[in-house]
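Architecture and fold: a report
Read off the chains here:
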Amino acid sequence: MKKRSTIIATLLVSIMMVASACGSNGNTEATNTPATDNSTNKPAEATDPPVEAKDVTLSLRHTQIKETSKTRLKILEDVVAKTQEENKGLTFKLEGIDEIVNRDQKLKAEMAAGNPPDIFEVFGGADLNLYVKANRMLDLTPIIDELGLKDKFASLDEFTVDGKVYGLPFGGYSEAIFYNKKIFSELGLEIPTTWAQLLDVSGKIKTAGYTPFGLAAKDGWVNGMLWNTVMERNVGIDAFSKVVSGEAKWTDENFVKGFASYAELVNKDYFTKGALGLAYADQGAQLLSGKAAMVFTGTWDANRFSGDEAGDLKGQIGYFAFPSIEGGAGDQTSINASYSNGFGFSANLNEDQVAAAKKFIANFYTEEVQKRTLVEDKLLPSMKLSDLSGVDPLTTEILTVMANASSSWKAYDAIVQPAVGADINVGIQELIGKVSKPEKVAEKVQASQDKANAAK
Amino acid sequence: MERSRSPQWWMHLFLMGYVVVLLFPLLWLFMSSFKTNREITVNTWALPTSFNFDNYIAAWETANIGKYAWNSTFVTVIACVLTLLFAAMTSFAIARMKYKKTNKAIYQFILLGLIVPPGALFIPLYRLVQGIKLFGQPLYDTHWSLILVYCTYALPITVFIIYAFMLSIPNELEEAGIVDGLGATGLFFKVIIPISLPALVTVFILNFISNWNEYILSQLFITSESLKTLPTGMATFNDGYRTNFASLSAAVIISIIPVLAVYVFLQRQIIEGMTAGSVKG
Amino acid sequence: MNRALKNPITYVAFIIPTLALYALFFVYPVIVSFFYGFFQWDGITEKVFIGFDNFVRLWQDEVFRKALLNNFYFMAFSLIVNIPLVFLISIIISKVRRMRDFYKSAVFVPVVISTATVAILFGVLYNYDSGMINQFIRLVAPEDWAREWLSDPKLAMLSILIANAWQNIGFFIVLCLAAILNIPKEIVEASKLDGVNGWQETWSITLPLVRPIMFVMLLLTVSGTMKVLDIVQIMTNGGPFQSTEVMSTYMLKVGFRSLELGYGSAIGVAMFIIILVLTGILQRITKSEEVQY
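So, a few notes on the structure that sits alongside this text. (Residues numbered from 1 in each chain as written. Chains lettered and ligands numbered in written order. Predicted model: local features only at pLDDT ≥ 70, side-chain atom pairs only at ≥ 80, totals over all residues. Heavy atoms only, no water.)

Here's the deal with the interface of chain C and chain B
For clarity, the threshold we go by: The contact definition used throughout considers only heavy atoms, calling two residues in contact when any of these lie within 4.5 Å. By buried area we mean how much accessible surface two parts lose on assembly, using a 1.4 Å probe and totalling the loss over both. By salt bridge we mean one thing: a side-chain nitrogen of Lys or Arg within 4 Å of a carboxyl oxygen of Asp or Glu. Identification of polar contacts relies on pairs of N or O atoms within 3.5 Å, with a donor-acceptor requirement for protein atoms, meaning one able to donate a hydrogen and the other able to accept it, and with residues adjacent in sequence counted only if both atoms are side-chain atoms.
At the interface, 95 residues of chain C touch 100 residues of chain B. Roughly 9000 Å² is buried in total at the junction of chain C and chain B, and carbon and sulfur atoms are behind 77% of that figure. When the area that chain C buries against chain B is broken down by residue, the three leading residues are C:Leu5, C:Phe14 and C:Phe25, summing to 9%. Our count for the chain C to chain B interface comes out at 0 salt bridges. The interface formed by chain C and chain B includes 15 residue pairs in polar contact (both at pLDDT 80 or more).

Next up, the structure:
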């Protein structure tokens, strides 16, 4: 049975190979095949120079199709246009797809069949590891060595497997607390630096009739953010890897303490009422409408928080690091920062295509592009920048918070197995819904961890 | 006229109450389409401060609605017509023609289509479409990939509904046709199709709506920007991190107008016409 | 008569297009997906054949059981609330003489809106703090009657069901109305001569005559509610803490997010069998009723 499916798969793969080989041979007619009923759809190719031996085509899949990512798409298009101009005969075919459809279905199906696009957006961590294991990803180590990019990145951790680099992040984020400066000054509050102060500040905010922490808890990962940092303060980030290796357990004292700290915020009613039914976008709206004083989230929201929707709160939203928790085993001034959104390249690329991809990398991963992304899109740079002039105040606050952090670490769902991550999310929701106790949740998560560890 | 004695006001009261509840959320959506995002965030339920059409302009331009709407119309109409034709032919064959055993088997087989959860099929379906060539051209990234798949997935419910209607057609009508010398094909086009029009129109609208709104398959099969369909434009305003409610509501209003127009048109022209006609006939 | 309707060439020609499309785009992917159910597979790397292990695991999976119960809740609600409401409204619309067109169009409007939009819309209506429903409740009743519609595990499913009904009833009404208005006037006239009045007429004539449509609606309800996906996925995504998980949302979560495509496919197979059994039972029931009648 297995043999047969392999044959079918090989057949499919070889059909795809033939198709993509046709595409990359550079014949304009061949690259234009799909649009049988719409001949005017690719003006870029119609103006191609006459067939040359060095004609190379690269397909590039991105997910910047939303209104909010117009700026990012423009920057990508500019780099592509520049690269095409510099290299006659090189054509990029851009295709934009919904991020979730791509991540859950399209890219996965293509990876299984072995015919991913030549260049594509990919998430570091679990997704990437899987694709590397299946030998679908191009090893970029020699390319970044040659281009001298290796040390320019803030972190390549999430794209590195066994010492080799398989993807390059184009941006990053950190997670901490955005707050409403107006409410803080109105109530005479200081930025809290310890857990006790945080509870004190939250209490005062609540008494004044505001929601201390805006929360939209429908999707597990949203709650996971604050929980993750609270837990790290209690156990240290290495402990997360240790539960995967079996050296530690979720039911250990420190972990239970972490769950309990989180539950403390819940039990004091510091979160938005009815949060479990709210979609993520609502959380930002709570801060911007002036109902919530703080929101724990990632810096991807910085753009929204400093935009028009903020109304009279424009310029009044700030960012501060999560306080330390006394007696915790973690790094008390560390921050969750990650560089997991990036581009990967197909292992199927031929020599010419690899050379072309190299040119794209050289043009895309520059200080200039990174700076532009930071200023226009407020996306945190994945590369180290020497010049930080011209950024807006909120971005400056974010960069300061990150610069002051003693260490950074990646999120729990990039460390534990996906099934365990899902059960953690359910557990946190149970705490928020007050239907379970920290010890109970810890036991359940450990049970899930045992199962996942045994499967390996 | 004798029945007019029975009072009707309470029926109108009931229906009006229902319609108000039904249309209220849409009225709000309509209102929101004239507000700014700031207004929606802060005064969710208030009336718009002014009637400006900025959201409509933004929606039309940002979401590429002009181009996408044409693509959607093309895909939707062809898929619906094909579905209707194939489903009506099959329903006629299994409802009216005299092959008892095969009819039953085919009917049950097609019914299976109502049972399978489509979510399970995305990956195999995508791989299949990528591999198919139609008349020497790849099917992937063409409108035909959507048309054929939409058509296939609409067939079970369409056959199911049309079959139920065709079963209830009295034999006398057919017999009259046969006396007039019609064969099976003639009966189908001249007798059965006209009588079944109300049912056909109803499922046409149903399929029209689901094709018009379909998003995942269109994302999977279409990669060329110029071939994308309307829901892609809608999704532009909702990226999961942040919803541009103002533009989204304008875009929704724009996208439902053609569908409502189709409905009202078919409703008045055909259903009413047919029921009136069949009474006389 | 038999000859005209026993024409093998026409018969085959009428059936082939449907069956061909069906076999290619439907049966083939279904078989492939069922086949995955027997493997441990992350979707990308080598599959490992594990026989019925996925199904054994499914049997013991509490979340799946919960999801199945939620599907039954969904089905029961739709059968007990939606269907009678559909009949009531259709019959009333068929009885009013003025503004029938208006009602017919108005009830249909929600149907044309995509589920994604419906879910967003109701998300706003159900908001605890600023939602219209709670604001209305606070206006006419004590403050603590306001509810956390989508985040209270006891209410979340009901809230989804109401949104679902809001969107779907319209189509059934139109279907049902088409059947009611299609009843030959002669039959109605004849019954009137027998002295049957308005509501008796409904009971003794309309309802029996729309039975085929009733069966259509029942079957669509049963299969539709058992495989429901979109509205749950967008409104609560199975939450809070899996209290609104249905089989489809669970299948997709397991298959794509937790990278267990094999187990996800097994859930799909189980759904298929469950719905098959239910629709089989439904067909039995309606058939035996017809005989009685």
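Some thoughts on the interface of chain C and chain A
In many analyses, interface size is given as the accessible surface area lost on bringing the parts together. Put simply, the test is: Strands are runs of DSSP state E lasting at least two residues, helices are runs of H or I lasting at least four, and both sets are numbered from the N terminus onward. Each residue is assigned to one class: nonpolar for Ala, Val, Leu, Ile, Met, Phe, Trp, Tyr, Cys and Pro, charged for Asp, Glu, Lys and Arg, and polar for all the others, Gly among them.
Chain C puts 29 residues into the contact, and the matching count from chain A is 31 residues. Summed over both sides, the interface between chain C and chain A buries roughly 2700 Å², with carbon and sulfur atoms accounting for 63% of that surface. Considering only the surface of chain C that becomes buried against chain A, C:Ile44, C:Phe241 and C:Phe256 emerge as the three largest contributors, covering 26% of it. The shortest N-O distance in the salt bridge between C:Glu148 and A:Lys273 comes to 3.2 Å. If you look at where chain C meets chain A, you find 5 residue pairs in polar contact (both at pLDDT 80 or more). Looking at the side of chain C that touches chain A, the elements with two or more residues in it are α11 (230-235) and α12 (247-257) of chain C. Among the elements that make up the side of chain C that touches chain A, the one with the highest residue count is α11(C) (3 residues). Here the residues of the side of chain C that touches chain A are counted per class, giving 12 nonpolar, 11 polar and 6 charged.

Things to note about a nonpolar patch on the surface
Let me state the cut-off plainly: Patch criteria: residues need more than 30% relative accessible area and no salt bridge. Like-charged residues are merged within 9 Å; nonpolar side chains of Val, Leu, Ile, Met, Phe, Trp and Tyr are merged within 5 Å. For every accessible area listed, the method is Shrake-Rupley and the probe measures 1.4 Å; residues are considered covered only by the protein chains on display. For each residue, the accessible area found with a 1.4 Å probe, counting protein chains only, is set against the maximum for its type, and the residue is called buried under 20%, exposed over 50%, and partly exposed in between.
The grouping of B:Trp9, B:Trp10, B:Leu13, B:Phe14, C:Leu88 and C:Trp199 at the surface amounts to a nonpolar patch, some 650 Å² of accessible area in total. The element contributing the most residues to the nonpolar patch is helix α1 (residues 9-32) of chain B, with 4 residues. Following the sequence through the fold, B:Trp9 ends up in helix α1. Overall, the relative accessible area of 61% leaves B:Trp9 in the exposed class.

What about the packing of helix α5 (residues 115-126) of chain C against helix α7 (residues 156-181) of chain C?
Residue and element names in this part refer to chain C. Just so we agree on the cut-off: Comment: axis = line fitted to C-alpha atoms, over the contacting stretch for helices; angle = value between 0 and 180 degrees taken between N-to-C directions. Comment on the angle field: the value is read as roughly parallel under 35 degrees, roughly antiparallel over 145, roughly perpendicular from 65 to 115, and oblique elsewhere. The handedness criterion is simple: a crossing whose near helix is rotated anticlockwise from the far helix by less than a right angle is left-handed, and one whose near helix is rotated clockwise is right-handed.
It is the contact of α5 with α7, at a shortest axis distance of 10 Å, that shows an interaxial angle of 130°. Classed by the angle they form, the pair α5 and α7 counts as oblique. In the crossing of α5 with α7, the sense of the turn from one axis to the other is right-handed. Contact with α5, carried on its side by Thr115, Val118, Leu121, Phe122 and Tyr126, involves Ser159, Ile162, Ala163, Trp166 and Gln167 of α7 and no other residues of that element. In terms of residue class, the contact of α5 with α7 is built from 7 nonpolar, 3 polar and no charged.

A look at the environment of C:Ala106
Along the chain, C:Ala106 turns up in helix α4 (residues 100-108). If we skip the residues at most four places from it in the chain, C:Ala106 touches B:Val19, B:Leu22 and B:Leu23.

Side note on the nonpolar core
This is how the line gets drawn: Only buried residues count toward a nonpolar core, which is a set of Ala, Val, Leu, Ile, Met, Phe, Trp, Tyr and Cys residues joined through side-chain atoms within 4.5 Å.
In terms of nonpolar packing, the biggest core is built from 209 residues, with B:Phe221 and C:Phe25 touching the most fellow members. With 17 residues, the single largest contributor to this core is α7(C). Beyond its immediate stretch of four places on either side in the chain, C:Phe25 contacts B:Leu125, B:Leu128, B:Val129, B:Ile132, B:Leu139, B:Leu148, B:Val149, B:Thr152 and B:Tyr153. In this structure, A:Ala217, A:Val235, A:Leu265 and A:Ala452 belong to the second largest nonpolar core, which totals 58 residues.

Side note on the packing of aromatic side chains
Put simply, the rule is: Between 30 and 60 degrees the pair is tilted, below 30 it is stacked and above 60 it is edge-to-face, where a pair is any two Phe, Tyr or Trp rings, Trp via its six-membered ring, whose centres lie within 6.5 Å. Charge-over-ring placement is defined geometrically: NZ (Lys) or CZ (Arg) within 6 Å of the ring centre, and within 35 degrees of the ring normal.
Evaluation of the coordinates by the stated rule reveals 59 aromatic pairs over all chains. Ring centres of C:Tyr36 and C:Trp41 lie 4.8 Å apart, and the angle between their planes is 55°; on these two criteria the pair is classed as tilted. Grouping aromatic residues by their ring pairs yields a cluster made of A:Phe92, A:Phe153, A:Phe170, A:Phe343, A:Phe360, A:Phe364 and A:Tyr365. Between the NZ or CZ atom of C:Lys6 and the centre of the ring of B:Tyr99, over which it lies, the distance is 4.9 Å. Over the face of the ring belonging to C:Tyr263 we find C:Arg57, whose NZ or CZ atom lies 3.6 Å from the ring centre.

Here we look at the pattern of salt bridges
All names here are of chain A. Taken as a whole, this structure holds 21 salt bridges over all chains when the rule is applied. Across the salt bridge formed by Asp269 and Lys434, the nearest N and O atoms sit 2.7 Å from each other. Separated by 165 residues along the polypeptide, Asp269 in the loop between α12 (253-267) and α13 (280-288) and Lys434 in the loop between α18 (418-432) and α19 (438-455) bring together distant segments of the chain. When its relative accessible area of 45% is taken as the criterion, Lys434 is described as partly exposed.

Structural notes on the packing of helix α3 (residues 62-95) of chain C against helix α10 (residues 211-226) of chain C
When two helices pack together, their arrangement is given by the angle between the helix axes and the distance between those axes. Residue and element names in this part refer to chain C. Look at α3 against α10: their axes get within 8 Å of each other, and the N-to-C directions meet at 150°. When the axis of α3 is compared with that of α10, the two are roughly antiparallel. Between α3 and α10 the crossing geometry is right-handed. Facing Leu68, Asn71, Phe72, Phe74, Met75, Ser78, Leu79, Ile83, Val86 and Phe87 of α3, the residues of α10 in contact are Met214, Met217, Leu218, Thr221, Val222, Thr225 and Met226. Residue composition of the contact of α3 with α10, by class: 13 nonpolar, 4 polar and no charged.

Here we look at the pairing of strand β2 (residues 90-96) of chain A
Residue and element names in this part refer to chain A. Selection rule: Only strands that DSSP links by at least two bridges are regarded as paired with each other. Here is how to tell: hold the view so the strands point away, follow the path from the first strand over the helix to the second, and if it runs clockwise the crossover is right-handed.
Of all 7 residues that make up β2, 5 are buried, and the element is covered over most of its length. Examined bridge by bridge, strand β1 (residues 56-62) and β2 share 7 bridges and lie parallel to one another. Residue pairing across strands places Leu58 opposite Phe92, the latter belonging to β2. Read as a crossover between parallel neighbours, the route from β1 over helix α4 (residues 70-86) to β2 is right-handed.

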